[in-house]
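Listed below, chain by chain, are the residues.
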Amino acid sequence: MSSGGSSLFSGFRVLGLYSNHVPHAVRFHQKHREFYLVTVVGKCLHTYNVNRLGIVAVSNSLSDDITCLAADRMLVFAAAGKLVSAFARNKEVVMRYNGHRQEVRLLLPLGDHLISADSGGDVIVWDVQGGDVYLRLQFDPNTFDVSAMMHPSTYMNKVLLGSSQGALQLWNIKTSKLLFTFRGWSMGVTVLQQSPAVDVVGVGTATGRIIIHNIRLDETLMSFTQDWGPISWLAFRTDGPPIVASGSPQGHIAFWDLERHQLVAQQRHAHSTAIAAATFLHGEPLLVTNGADNAIKVWIFDQEGGGARLLRSRQGHSAPPTTIHHHGNDGKNILSAGQDGTLQSFSTVHERFNKNLGHGSINRKKEQKKKKGLSYEELRLPSILAFSSAAARQSDWDGIVACHRGRLAATTWNYQRCTMGAHHLQPPSPRRDTVATAVDITSCGNFAVIGSSSGRVDVYNLQSGLHRGCYGDSEKAHCGAVRGVATDTLNQLTLTAGSDWLLKFWRFKTRKQEEELKLNAAPATMMLHRDSGMLALVLDDFTVLVVDIETRRVVRKFVGHHGNINDMTFSPDGRWLVTVAMDCTIRTWDLPSGCLVDCFLVAMAPVGVSMSPTGDFLATAHIDSLGVYLWTNKSLCGPVGLRPLPADHQPATETLPGVTVDQSEQEVTSEEGDDAYKSADQLGAELVTLSLLPESRWKSLLYLDDIKKKNKPVAPPLAPPAAPFFLPTLPGLTPRFTSPTATEQETQSKLLPSGLSSQRSKFTAALEAALESGSSVNCPVLLLKDFGPSAVSVELTCLTSEGGGASSLLLAFIHMIEHMLASGRDFDLAHSYLALFLKLHLRSLSQDTFAMEALLRLSTQLEAGWAELRASLDQSLCLLSYTKSALL
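Starting afresh in each chain, residues are numbered from 1 along the sequence in its written order. pLDDT decides what is reported in this predicted model: residues at 70 or higher carry local features, side-chain atom pairs at 80 or more are listed and counted, and totals for whole chains, interfaces and linings draw on all residues regardless. The side-chain numbers reported here are obtained from all heavy atoms of the structure, hydrogens and water having been left aside.

## Some details on the overall build of the chain
To be explicit about the condition: Helix and strand labels come from DSSP, where a helix needs a run of H or I of at least four residues and a strand needs a run of E of at least two; each type is numbered from the N terminus. Note on exposure labels: buried denotes an accessible area under 20% of the residue type's maximum, exposed denotes more than 50%, and partly exposed covers the range between, all computed with a 1.4 Å probe on protein chains only. We call two residues contacting when some pair of their heavy atoms lies within 4.5 Å. Residue exposure ignores everything except the shown protein chains as possible cover, and the areas themselves are Shrake-Rupley values with a 1.4 Å probe.
Helix and strand content of the chain: 11 helices and 58 strands. Residue burial in the chain is summarised as follows: out of 888 residues, 48% are buried. Taking all contacts inside the chain whose residues are at least 6 apart in sequence as the whole, residues at least 24 apart take part in 45%. For the chain, the exposed surface amounts to about 44400 Å²; the carbon and sulfur share of it is 53%.

The structure is reproduced here in structure tokens:
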């Protein structure tokens, strides 16, 4: 029997994925005036703004992992296998270029063309818009294996190709001609980079040599040698100082001065793995790097001597995480320990709240004094095997204790300072072959209980780091290795499980054993839900036992996994137990009914799981994956019908969630779609709809006279006497000005001609046309809505014969108001227009029989409408009053 996936959890997002080994691409947005960084994560592209390193776009997934990346002003090009895809708006694929026979490993945009090179020796020039092959060049990989491509600045239609044999070739892609061949330096070319100077390029080689070469004169200007292996990338500063930066597979960066021909600074361990690419932002002292260690870093050059410091970064685990736990009671932070030896905190709210607590060190004083001969790797502690955290006293002292692989001493960490603590917790007389295997911190945050492979269980004070005692008469709590330790809420009981198949109950204060419980198999791990007093134990026979610590009896037994159970977690209320195993299943067990209520498969086996203290998210970590995956709890969003699953249930596979774009960082890259929701003009015939006009457009119609009196100036301004620009003069030798005659002054009348006063306005003409044709009155209503209050008053005044109108226009206006009330639209405007209309023309309307009949019909319509509206309002008010006063 199979189902359609999980009925309880739904994939939400993944945390801690930023970059891989593929070199990044940098774009400059002309409209936003901002630089954007594009990186590769598996089959997707991530776009970040460099100013904040906030993710602004995530592309659609390709069918295969992306192997190389390039970008121009409009598109982003990505190669996956033999296929090259073009992404628009950093998201959707708009064009595919299919024609390579081998895996594509190099991409170079050049104007309206795209140049791609594969491992088989084919170099294809594509037409970007049409997707057609413009030119195909074929090289023999044994004689000229293309390993680098570059377009020299100001070289029209030219491309410079570098080979792993050391030779360089300059081609014209428009004429398909080889222009020149550079013999090279008998060493493979790994990087070609254009310098700020025309004709000068930087050449990186496989032997670590950096060559600054003039391709027009075929002359080497200078060269440098890097001691860290091949040159993985080159970058030139463009903001003034003549500096070139080079990278190495070890993660180091070297900065070379082109004027003094010497090394000026170096940044060791800029990344923990090889740096994939680095780019200087144009005109800014900023260097952007990304690497295979899942990190993006921005460096700023403001140090004396030309050195750089880290300005901002986004960094996850460089090796898959093994253990994850939620930290704190708000469920917003997830602590994760990875195979890379780091302890990190990922925020479910925003990436800017992420914390990197760093690597553990054997001795902090020795780390600060590295001149004693200890290397960087020798100072680092191995990866964390298990850890426990408590937020109760984290502001006073260290609140995290971790056990490291192959070491007896447990380390303390401070979450608020994001550093390793000062204490190394180990027993007074340690044995050489003993390692720490389990740890737990008490709910008060004062003590840590640590179990070891020799069977010891020791108690330490976290404030002082002192040893406070051990459990057992002979300093051994178990005859075998301790597999798990736990303490209850009130520090009354300590529970330990060992490989001797025993679960023991100890008094915390006296450290005396009270009872023991024989198990059916050796326990692998255990977890205590302190609020409910339920203890879950995972046994080596793939079963899960639930023990009640009050009655000290096994109350539930769950069977169903077909592989080693890696981790488990309780729901906040203690009702569910979620287990993950090597059979790639995530199972949810219901403790009250003792049944399996949810089960689904994932593509990669989960190794860690943690349920949020608020119950909204389930976090999982998986084999061969660097991220922490979040799953939403559907039961918080709506009713979920959970039924016991049958024994023959075949779980369906759920897709692992991907990265989501933060809405605060998302940029608008295109126009809104035509399918955007638009509200209807009228939601229902029984409803009334108000206009969207400001209140000042219709509330002040009845008070225009008062407003004019209030705003009337005390003394009107005096107009200056009008004078022509060129004053008329009388003919003669002496210039004399002419004066207007009396007849001219008398003939200039200030009264308008009768023809002008008889002209109708647009509103009057539209109203009259609607009356004569019997058509809709929407046109005159729209004209009135465009007028201001004064213009509306003038238009209504001109409806009578004294204002140039006619009595028929008064009837037409009444019919317009009737239509507005019947439609239910512009309810506020209809009443305001009617009130002003009656104020202006009530005397003349009372003498017109037809107008009075129309007003009586309108009055009846108004009373019926108000009665219906009043009934709806009273019903709503009654319901609100009952809701506020009733005891629900």
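Now that the structure is up, let's keep going.
## Topic: the nonpolar core
Note the threshold: Think of a nonpolar core as a cluster: buried Ala, Val, Leu, Ile, Met, Phe, Trp, Tyr and Cys residues, connected wherever their side-chain atoms sit within 4.5 Å.
In terms of nonpolar packing, the biggest core is built from 34 residues, with Leu799, Phe813, Met816, Ile817, Tyr833 and Leu858 touching the most fellow members. Going through the elements one at a time, helix 6 (762-773), helix 7 (778-786), helix 8 (789-797), helix 9 (807-823), helix 10 (827-845) and helix 11 (849-885) are the ones with two or more residues in this core. Core analysis: the next-biggest nonpolar cluster, separate from the first, contains 32 residues, Tyr18, Leu37, Val41 and Leu281 among them.

## Some words on a nonpolar patch on the surface
This is how the line gets drawn: Without a salt bridge and with relative accessible area above 30%, a residue can belong to a patch; like charges are then joined within 9 Å and nonpolar side chains (Val, Leu, Ile, Met, Phe, Trp, Tyr) within 5 Å. When a carboxyl oxygen of Asp or Glu is within 4 Å of a side-chain nitrogen of Lys or Arg, the pair counts as a salt bridge.
Together, Leu702, Tyr703 and Ile707 line one region of the surface with nonpolar side chains, adding up to about 260 Å² of accessible area. Within the secondary structure, Ile707 is located in helix 3 (residues 704-711).

## Remarks on the packing of aromatic side chains
So the rule is basically this: Working definition: a ring pair exists when centres of Phe, Tyr or Trp rings (six-membered ring for Trp) sit within 6.5 Å. Plane angles under 30 degrees give stacked, over 60 give edge-to-face, the rest tilted.
Following the criterion strictly, the structure yields 16 aromatic pairs and no others. Residues Phe255 and Phe301 carry aromatic rings whose centres are separated by 5.1 Å and whose planes lie at 90 degrees to one another, so their mutual orientation is edge-to-face. Pair noted here: Phe255 is in strand 24 (residues 253-257) and Phe301 is in the loop between strand 28 (295-300) and strand 29 (309-315), with a separation of 46 residues, a long-range link. For the residue pair Phe255 and Phe301, the accessibility class agrees, reading buried in each case. Between the aromatic rings of Phe827 and Trp866, the centroid separation amounts to 5.8 Å while the plane-to-plane angle is 65 degrees, which identifies the pairing as edge-to-face.

## Side note on the sheet that holds strand 31 (residues 333-338)
Note the following rule: Between any two strands, pairing holds if DSSP finds at least two bridges. To get an axis, fit a line to the C-alpha atoms, keeping to the stretch in contact for a helix; angles then go from 0 to 180 degrees between the N-to-C directions.
The 4 strands lie next to each other as 30-31-32-33, forming an open sheet whose pairing is antiparallel. Because the sheet does not close on itself, it has two edges, and the strands there are strand 30 (321-327) and strand 33 (355-359). Across the sheet, the mean angle from the axis of one strand to that of its neighbour is 20 degrees, orientation sign disregarded. One ladder, built from 3 bridges, connects strand 32 (residues 342-347) with strand 33; its direction is antiparallel. Its bridge partner being in strand 33, Ser345 is matched across the sheet by Lys355.

## Examining the pattern of salt bridges
In total, this model carries 22 salt bridges according to the counting rule given. One salt bridge connects Glu514 with Arg552, and the closest N-O pair in it is separated by 2.8 Å. Of the two residues, Glu514 is situated in strand 45 (residues 513-518) and Arg552 in the loop between strand 48 (543-548) and strand 49 (553-559); the sequence distance between them amounts to 38 residues. The network of salt bridges with common partners includes Arg507, Glu514, Glu515, Arg552 and Arg553.

## With respect to unusual backbone geometry
Residues other than glycine seldom take positive phi values, yet Ser186 does so here, at roughly 60 degrees. Within the element layout of this structure, Ser186 appears in the loop between strand 17 (177-182) and strand 18 (189-194). The residue Arg511 is not glycine, and still its phi comes out positive at about 60 degrees. Within the secondary structure layout, Arg511 lies in the loop between strand 44 (502-507) and strand 45.

## Regarding the confidence of the model for the chain
Rules: pLDDT is a residue-level measure of predictor confidence that goes from 0 to 100.
For the chain, the mean per-residue pLDDT works out to 88, and 90% of the residues sit at or above 70. Note that residues 742-747 has pLDDT below 50 and, in this model, 1 contact with residues that lie over four places away or in other chains.

## Observations regarding the sheet that holds strand 19 (residues 200-205)
If you walk across this open sheet you meet the 4 strands as 18-19-20-21, and the pairing is antiparallel. Edge strands, defined here as strands with exactly one partner in the open sheet, are strand 18 and strand 21 (219-225). Put simply, the sheet's adjacent strands are angled 20 degrees from each other on average, direction ignored. Bridge count for strand 18 against strand 19 is 5 bridges, and the pairing is antiparallel. Residue pairing for strand 19: Gln194 is matched across the bridge by Val201.

## Thoughts on helix 8
How we decide: The arc in question is formed by the directions pointing from the helix axis toward the C-beta atoms.
Of all the residues in helix 8, the buried ones are Pro789, Val792, Ser793, Glu795 and Leu796. Looking straight down helix 8, one finds that the buried residues subtend no more than 165 degrees of arc, so they occupy a single side. Where helix 8 is buried, its residues meet helix 3, helix 6, helix 7, helix 9 and helix 10.

## As for the environment of Ser223
Secondary-structure assignment places Ser223 in strand 21. Measuring from C-alpha to C-alpha, the distance between Ser223 and Ile210 comes to 5.4 Å, with 13 residues separating the pair along the chain. When near neighbours in sequence (up to four residues on either side) are disregarded, Ser223 contacts Arg209, Ile210 and Ile211.

## Some thoughts on the packing of helix 6 against helix 9
Keep this limit in mind: To sort the angles, those under 35 degrees are grouped as roughly parallel, those over 145 as roughly antiparallel, those from 65 to 115 as roughly perpendicular, and the leftovers as oblique.
One way to put it is that helix 6 packs onto helix 9 with a least axis distance of 9 Å and a crossing angle of 80 degrees. When the axes of helix 6 and helix 9 are compared, the pair comes out roughly perpendicular. Within the contact between the two elements, helix 6 uses Phe763, Thr764, Leu767, Glu768 and Leu771 and helix 9 uses Ser808, Leu809, Ala812, Phe813, His815 and Met816.

## Notes on the packing of helix 8 against helix 10
Which entries qualify depends on this criterion: Take the far helix as your reference; a near helix turned counterclockwise from it by less than a right angle gives a left-handed crossing, and one turned clockwise gives a right-handed crossing. Gly falls in the polar group here, along with every residue not listed as nonpolar (Ala, Val, Leu, Ile, Met, Phe, Trp, Tyr, Cys, Pro) or charged (Asp, Glu, Lys, Arg).
The geometry of helix 8 relative to helix 10 is characterised by a closest axis approach of 10 Å and an angle of 50 degrees between their N-to-C directions. Judged by the angle between their axes, helix 8 and helix 10 are oblique. Our pair here, helix 8 against helix 10, has a crossing hand that is right-handed. Across the interface between the two elements, Val792, Ser793, Leu796 and Thr797 of helix 8 pack against Tyr833, Leu836, Phe837, Leu840 and His841 of helix 10. Among the residues making up the contact of helix 8 with helix 10, the classes are represented as 6 nonpolar, 3 polar and no charged.

## A closer look at the side chain of Ser793
Inspection of the secondary structure assignment puts Ser793 in helix 8. If we ignore the near neighbours within four places in the chain, the residues touching Ser793 are Leu704, Leu836 and Leu840.

## Section: the environment of Ser345
Tracing the sequence through the fold places Ser345 in strand 32. On the basis of relative accessibility, which here comes to 0%, the residue Ser345 falls in the buried class. Remark: the alpha-carbon pair of Ser345 and His326, spanning 19 residues in sequence, is separated by 9.1 Å. With near-sequence residues (within four places) excluded, Ser345 lies in contact with Asn333, Ile334, Leu335, Asn354, Lys355 and Tyr415.

## Some words on the pairing of strand 44
The buried fraction of strand 44 is high, at 5 of 6 residues. Relative to strand 44, strand 43 (residues 493-498) is paired through 5 bridges, and the arrangement is antiparallel. Note on strand 44: the bridge partner recorded for Ala497 is Leu503. In sequence, strand 43 turns back onto strand 44 through a hairpin of 3 residues, with Trp501 there showing a positive phi of about 70 degrees. Taking the residues between adjacent antiparallel strands as the criterion, strand 44 and strand 45 are bridged by 5 residues, where Arg511 takes a positive phi near 60 degrees.

## Re the pairing of strand 46 (residues 523-529)
The side chains of a regular strand alternate between the sheet's two faces. As paired strands, strand 46 and strand 47 (residues 534-539) are joined by 6 bridges and run antiparallel to one another. Bridge pairing in strand 47 places His529 opposite Met534. Counted along the chain from strand 46 to the antiparallel partner strand 47, the turn is 4 residues long, and its residue Gly533 has a positive phi close to 75 degrees.

## A short note on the side chain of Asn491
With respect to the helices and strands, the residue Asn491 is situated in the loop between strand 42 (482-487) and strand 43. The exposure class of Asn491 is buried, given its relative accessible area of 16%. Beyond its immediate stretch of four places on either side in the chain, Asn491 contacts Thr442, Ser443, Cys444 and Phe508.

## Section: the environment of Ile211
Mapped onto the elements of the fold, Ile211 is located in strand 20 (residues 209-214). Taking the C-alpha atoms as reference, Ile211 lies 4.4 Å from Ser223; in sequence the two are 12 residues apart. When neighbours within four sequence positions are excluded, Ile211 is seen to be in contact with Trp185, Val201, Gly202, Val203, Thr205, Thr220, Met222 and Ser223.

## Quick notes on helix 10
For clarity, the threshold we go by: How far a helix is expected to stretch is found by multiplying one less than its residue total by 1.5 Å. Each residue is assigned a bend, namely the angle between axes fitted to the seven residues that terminate at it and the seven residues that start at it.
In this model helix 10 runs just 23 Å from its N-terminal to its C-terminal C-alpha over 19 residues, more than 12% under the 27 Å that 1.5 Å per residue would give. In the structure, helix 10 departs most strongly from a straight axis at Lys839, where the bend amounts to approximately 50 degrees. When helix 10 is considered as a whole, its buried residues turn out to be Phe827, Asp828, Leu829, Ala830, Ser832, Tyr833, Leu834, Leu836, Phe837, His841 and Leu845.

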